[in-house]
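Results of the structural survey
Here is how the chains run, residue by residue.
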Amino acid sequence: MAIANIPNYGGGIKICPEACYNDELFDICIVHDLTKWELLRTFPKAYKGKHVHHPSVTMIRGKQVDVTTEWPVLVQGDGEILTKTPVNVTIEKNALLII
């Protein structure tokens, strides 16, 4: 699962290709029911944002995201470990000044 407000991750991976930093919405990419083999075949498509067409990829949008898991899972933000699940993520207008 990836929650984003910009399209790209490090290295140019377009994990949420339709994400826009000023639309006041998170773009959420959820990958489910994907075998390791399918993941290896599908992941390169993420560099062009084409992974979103795979049946095991669900794209949704929202202002608030609650993530719960059966057991604690690490949560990262911009490559840094922030906490473990469960976690609540909320978007706030004008909370970050980008220069």
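Residues numbered from 1 in each chain as written. Predicted model: local features only at pLDDT ≥ 70, side-chain atom pairs only at ≥ 80, totals over all residues. Heavy atoms only, no water.

1. Details of the nonpolar core
Quick reminder of the rule: Residues belong to one nonpolar core when they are buried, are Ala, Val, Leu, Ile, Met, Phe, Trp, Tyr or Cys, and are joined through side-chain atoms within 4.5 Å. Burial status follows relative accessibility: with a 1.4 Å probe on protein chains alone, a residue under 20% of its type maximum counts as buried, one over 50% as exposed, and anything between as partly exposed. Only heavy atoms enter the contact rule, under which two residues are in contact if any of them lie within 4.5 Å.
Counting 9 residues, the largest nonpolar core consists of Ala-2, Ala-4, Ile-13, Ile-15, Cys-16, Ala-19, Cys-29, Ala-46 and Val-57. Those residues in contact with Cys-16, other than ones at most four positions away along the chain, are Ala-2, Ala-4, Ile-6, Pro-7, Asp-27, Ile-28, Cys-29 and Met-59. Grouped together as the second largest cluster of nonpolar side chains are 7 residues, Val-67, Val-75, Val-87 and Ile-91 included.

2. Focus: the pattern of salt bridges
Selection rule: Any carboxyl oxygen of Asp or Glu within 4 Å of a side-chain nitrogen of Lys or Arg constitutes a salt bridge here. Every helix listed is a DSSP run of H or I at least four residues long, and every strand listed is a run of E at least two residues long, numbered separately from the N terminus.
Inspection of the entire model under this criterion finds 3 salt bridges. With a closest N to O distance of 3.8 Å, Lys-63 and Glu-24 form a salt bridge. Remark: Glu-24 occurs in the loop between strand 1 (2–4) and strand 2 (26–31) and Lys-63 occurs in the loop between strand 3 (57–62) and strand 4 (64–67); sequence separation between them is 39 residues. Taking relative accessible area as the criterion, Lys-63 reaches 47% and is therefore assigned partly exposed. The partly exposed category is assigned to Glu-24, whose relative accessible area is 29%. The salt bridge partner of Arg-61 is Asp-27, with a shortest N-O separation of 3.1 Å.

3. So, a nonpolar patch on the surface
Quick note on the threshold: Within the patch definition used here, like charges are joined within 9 Å and nonpolar side chains (Val, Leu, Ile, Met, Phe, Trp, Tyr) within 5 Å, considering only residues with over 30% relative accessible area and no salt bridge. Residue exposure ignores everything except the shown protein chains as possible cover, and the areas themselves are Shrake-Rupley values with a 1.4 Å probe.
Together, Leu-39, Phe-43 and Tyr-47 make up a nonpolar patch on the protein surface, roughly 290 Å² of accessible area in all. Among the secondary structure elements, Phe-43 is positioned in the loop between helix 1 (36–42) and strand 3.

4. Observations regarding the sheet that holds strand 3
Spelled out, the test is: In this description, strands pair whenever DSSP reports at least two bridges between them. The angle between two axes is taken between their N-to-C directions and runs from 0 to 180 degrees, where each axis is a line fitted to C-alpha atoms and a helix contributes only its stretch in contact.
Reading across the sheet, the 3 strands line up as 1-2-3 and stay open at both edges, with antiparallel pairing between neighbours. A single partner strand is all that each edge strand has here, and the edge strands are strand 1 and strand 3. Put simply, the sheet's adjacent strands are angled 20° from each other on average, direction ignored. Across 6 bridges, strand 2 lies against strand 3 in antiparallel orientation. Note on strand 3: the bridge partner recorded for Ile-30 is Thr-58.

Spatial relationships are all this shows, so hold off on functional conclusions.
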